[in-house]
Amino acid sequence: MKMISDEMINKYLDNEMSDEEIKDFNEMLKSDNLALDKLKAARLVEQTITKVELSEAPAFITEKVMSRVNKTYSVARQKPYFFYAMISVFLVAMIGTIGALALLVKNNAGNETELSFLNKIGAFLNSHFSFSGVVSVLESNNFLILGTALIAALFITAKFMVDSHKNFKHKFNGAGH
Amino acid sequence: MKKLSDIEIIESINRGNSADFSLLIDRYKDKAFSLLKRMLKNEMDAEEALQDSFLKAYNSLKTFRQDSKFSTWFYRIVYNTALTVIASKKRKVEMEMSSIEDHYDLGEYDNQIYAESENVSQYVLKLVDQLPVKGALVLILFYVDSLSLNEISKVMDLSLVNTKVILHRSRNALRDLLIKHNYQEEIL
């Protein structure tokens with residue numbers, strides 16, 4: 001008579017037998033006392049280990065980990081907003097200034113005979129960056145372009161400042177939990 | 001109140017609610033600590049490794065692809081953190097060196113453990129402590145944490161065949177000693 005091997009017992013315990021195999025296994029168990037003892041002992045091992053008591057994690061471990069998490073989170077979240085704000089002010093101011101300069105140069109270029117691009121810039125700067133030049137810029141309509149560019153920069157910066165404040169509030173409220 | 005799933009908690013954290021990470025900590029801290037204590041044999045090391053494991057998990061949450069359960073992914077972090085601690089303390093890296101040829105013969109410990117144990121549960125659990133660490137871990141992850149063999153193989157970076165062999169050898173070693181002392185008729 002075929003004896004039940006350890007491999008068969010393990011296959012049975014791991015629920016890897018087909019219905020047909022289970023049927024044959026149960027039939028063979030009736031006449032194989034050693035296999036029956038092994039099966040009972042293995043079941044007892046399973047029942048015991050399933051009931052093992054877990055070691056309790058140290059007290060306040062959640063608070064300790066969250067404290068470290070919040071430190072990491074606040075450092076990671078604060079920097080980008082400040083950086084974005086500075087970059088946005090710089091970029092918009094640059095775009096606005098270049099745009100205003102280009103328009104002013106273009107306006108003045110129509111009154112000159114043919115000059116190289118650099119000479120045009122130089123002529124413009126000479127004519128506008130004296131005291132009377134500054135007054136004329138402030139009085140001119142082109143000042144509106146510069147003003148608009150600066151206001152746009154201020155709005156974008158304000159947006160990042162508000163987001164940064166919200167982030168700070170969130171971190172502050174989270175630290176209380 | 002409906003209990004949130006691990007995935008729901010992770011999605012909330014990824015939306016910016018970092019405080020929800022405390023829910024995952026509370027859910028897994030005891031099991032992770034038990035695993036670490038078993039591997040590191042030292043409560044202080046286990047606590048430090050536990051904090052490091054959770055912090056690594058938090059920092060890597062955005063890379064968790066949900067192609068496995070969070071528990072599998074997290075236990076892998078815990079397991080690797082323990083291996084790092086073992087290696088850094090320059091202990092003999094028995095776990096990395098060992099193979100399925102680990103010593104599963106518990107006969108030399110049996111007499112003392114049998115004499116010291118008041119009941120079959122105590123006896124079995126003391127024997128588990130004497131198993132090779134990999135064998136004990138596979139049993140605990142399989143029966144206590146209800147991980148599948150496939151998941152255990154991912155946690156411990158073993159092949160599925162290796163994992164199965166370790167489970168069977170560990171279970172058979174304990175089973176045979178229970179039969180030796182006629183414990184198989186006990187009912188828990």
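Parameters at a glance
- Throughout, residues of each chain are indexed from 1 in the direction in which the sequence is written.
- Chains carry letters from A onward and ligands carry numbers from 1 onward, assigned in written order.
- Selection of residues for local features in this predicted model requires a pLDDT of at least 70, selection of side-chain atom pairs for listing and counting requires 80 or more, and totals for whole chains, interfaces and linings are taken over all residues.
- In computing side-chain values, all of the structure's heavy atoms are included and hydrogens and water are not.
- Per the convention used, a helix needs a DSSP run of H or I reaching at least four residues, while a strand needs a run of E reaching at least two, with both numbered from the N terminus.
- Each residue is assigned to one of three classes by its accessible area relative to the maximum for its type, calculated with a 1.4 Å probe on protein chains only: buried under 20%, partly exposed between the two thresholds, exposed over 50%.
- Here, Shrake-Rupley sampling with a 1.4 Å probe gives the accessible areas, and only protein chains in the shown set may cover a residue.
- Any two residues whose heavy atoms approach within 4.5 Å are treated as being in contact.
- Note: buried area is the sum, over both parts, of the accessible area (probe 1.4 Å) each one loses when the two are combined.
- Think of a salt bridge as a Lys or Arg side-chain nitrogen and an Asp or Glu carboxyl oxygen that are within 4 Å of each other.
- Definition of a polar contact: a pair of N or O atoms within 3.5 Å, with one able to donate and the other able to accept a hydrogen when the atoms are protein atoms, and with sequence-neighbouring residues admitted only if both atoms are side-chain atoms.
- Every angle, taken between N-to-C directions, lies between 0 and 180 degrees, and every axis is a line fitted to C-alpha atoms, over only the stretch in contact when it is a helix.
- In these notes the angle categories are as follows: under 35 degrees is roughly parallel, over 145 is roughly antiparallel, 65 to 115 is roughly perpendicular, and the rest is oblique.
- Side-chain classes follow a simple rule in which Ala, Val, Leu, Ile, Met, Phe, Trp, Tyr, Cys and Pro form the nonpolar group, Asp, Glu, Lys and Arg form the charged group, and the remainder, Gly included, forms the polar group.
- Among the buried residues, those of types Ala, Val, Leu, Ile, Met, Phe, Trp, Tyr and Cys that are joined through side-chain atoms within 4.5 Å form a nonpolar core.
- Only the six-membered ring of Trp is used, alongside the rings of Phe and Tyr, when aromatic pairs are assigned; centres must lie within 6.5 Å, and planes under 30 degrees apart are stacked while those over 60 apart are edge-to-face, with the rest tilted.
- Left-handed describes a crossing in which the near helix is turned anticlockwise from the far one by less than a right angle; the clockwise case is right-handed.
- The pLDDT score gives, residue by residue, the confidence of the prediction method on a 0 to 100 scale.

Here we come to the overall build of chain B. A tally of regular secondary structure across chain B gives 10 helices and 0 strands. The 188 residues of chain B split such that 53% are buried. When the accessible surface of chain B is summed, it comes to about 9,300 Å², and 49% of that surface belongs to carbon and sulfur atoms.

By secondary structure assignment, the location of K38(A) is in helix α3 (residues 33-50). Residue K38(A) is classed as buried on the basis of its relative accessible area, which comes to 16%.

With 37 residues of chain A in contact, the opposing surface of chain B contributes 46 residues. Between chain A and chain B lies a buried interface of about 3,900 Å² when both sides are counted; carbon and sulfur atoms form 66% of it. The largest contributions to the chain A side of the interface with chain B come from L44(A), I49(A) and R68(A), which together make up 15% of the buried area. Seen at the junction of chain A and chain B, the total is 6 salt bridges. The closest approach of N and O atoms between E16(A) and K164(B), which form a salt bridge, is 3.0 Å. Across the chain A-chain B interface, the total number found is 12 residue pairs in polar contact (both at pLDDT 80 or more).

Let us look at the packing of α3(A) against helix α7 (residues 120-130) of chain B. The description of two helices packed together rests on the angle between their axes and the distance between the axes. Relative orientation of the contacting elements α3(A) and α7(B) amounts to 85 degrees, with a least axis distance of 10 Å. Here α3(A) lies roughly perpendicular to α7(B), going by the angle between them. Across the interface between the two elements, L44(A), T48(A) and I49(A) from α3(A) touch V120(B), S121(B), V124(B), L125(B) and V128(B) from α7(B). When grouped by side-chain class, the residues that make up the contact of α3(A) with α7(B) number 6 nonpolar, 2 polar and no charged.

In this structure, I49(A), F21(B), F70(B), F74(B), M156(B), L174(B) and L178(B) are the most contacted members of the largest nonpolar core, which totals 74 residues. Examining the composition of this core, we find that 11 residues originate from one element, helix α4 (residues 70-88) of chain B, more than from any other. Ignoring anything within four residues of it in the chain, the contact list for L174(B) reads V45(A), I49(A), L106(B), V124(B), L127(B), V128(B), L131(B) and L139(B). Residues Y12(A), M17(A), F25(A) and A42(A) belong to the second largest nonpolar core, which totals 12 residues.

This part takes up the packing of aromatic side chains. Residue and element names in this part refer to chain B. Within the structure shown, the criterion is met by 16 aromatic pairs over all chains. Ring centres of Y28 and Y75 lie 6.3 Å apart, and the angle between their planes is 85 degrees; this geometry places the pair in the edge-to-face category. Here Y75 lies in helix α4 and Y28 lies in helix α2 (residues 21-40), a separation of 47 residues in the sequence. Overall, the relative accessible area of 9% leaves Y28 in the buried class. Classification of Y75 as buried rests on a relative accessible area of 1%. Ring pairs connect the aromatic residues F21, Y28, F54, Y58, F64, F70, W73, F74 and Y75, which therefore count as one cluster.

A word on the packing of α2(B) against helix α3 (residues 43-59) of chain B. All names here are of chain B. At a minimum axis distance of 9 Å, the contact between α2 and α3 shows a crossing angle of 140 degrees. Viewed along their axes, α2 and α3 adopt a mutual orientation that is oblique. As α2 runs across α3, the sense of the crossing is right-handed. When α2 is examined against α3, the residues F21, L24, I25, Y28, K29, A32, F33, L36, K37 and L40 are found in contact with a partner set consisting of E43, D45, A46, E47, A49, L50, S53, F54, A57 and Y58. When its residues are assigned to classes, the contact of α2 with α3 shows 14 nonpolar, 1 polar and 5 charged.

Residues and elements named next belong to chain B. Unlike most non-glycine residues, D157 shows phi in positive territory, near 55 degrees. The exposed category is assigned to D157, whose relative accessible area is 59%. Its identity is not glycine, yet N182 carries a phi of approximately 60 degrees, on the positive side. Note that N182 resides in the segment after α10 (160-180).

Looking at the element boundaries, H181(B) is found in the segment after α10. Those residues in contact with H181(B), other than ones at most four positions away along the chain, are D110(B), Y114(B) and Y123(B).

Let's shift gears to the pattern of salt bridges. Going through the model one piece at a time under the given rule, you end up with 19 salt bridges over all chains. Note that R171(B) is salt-bridged to E46(A), the shortest N-O span being 3.9 Å. Of this pair, R171(B) sits in helix α10 while E46(A) sits in helix α3, placing the two residues on different chains. The buried category is assigned to R171(B), whose relative accessible area is 0%. In this structure, E47(B) and K64(A) form a salt bridge, with 2.9 Å as the shortest nitrogen-oxygen distance. Residue E47(B) is found in helix α3, and its partner K64(A) is found in helix α4 (residues 61-109); the two belong to separate chains. The exposure class assigned to K64(A) is partly exposed, which follows from its relative accessible area of 35%.

A few words on the confidence of the model for chain B. Residues and elements named next belong to chain B. When pLDDT is averaged along chain B, the result is 86, and 89% of the positions lie at 70 or above. Taken as a whole, residues 97-101 scores under 50 in pLDDT and shows 6 contacts with residues more than four places along the chain or in a different chain. Overall fold confidence for the complex sits at a pTM of 0.66, while the interface term, ipTM, reaches 0.80.

Another aspect to go through is the environment of A35(A). Inspection of the secondary structure puts A35(A) in helix α3. A35(A) sits 29 residues away from D6(A) along the chain, and the two C-alpha atoms are 8.1 Å apart.

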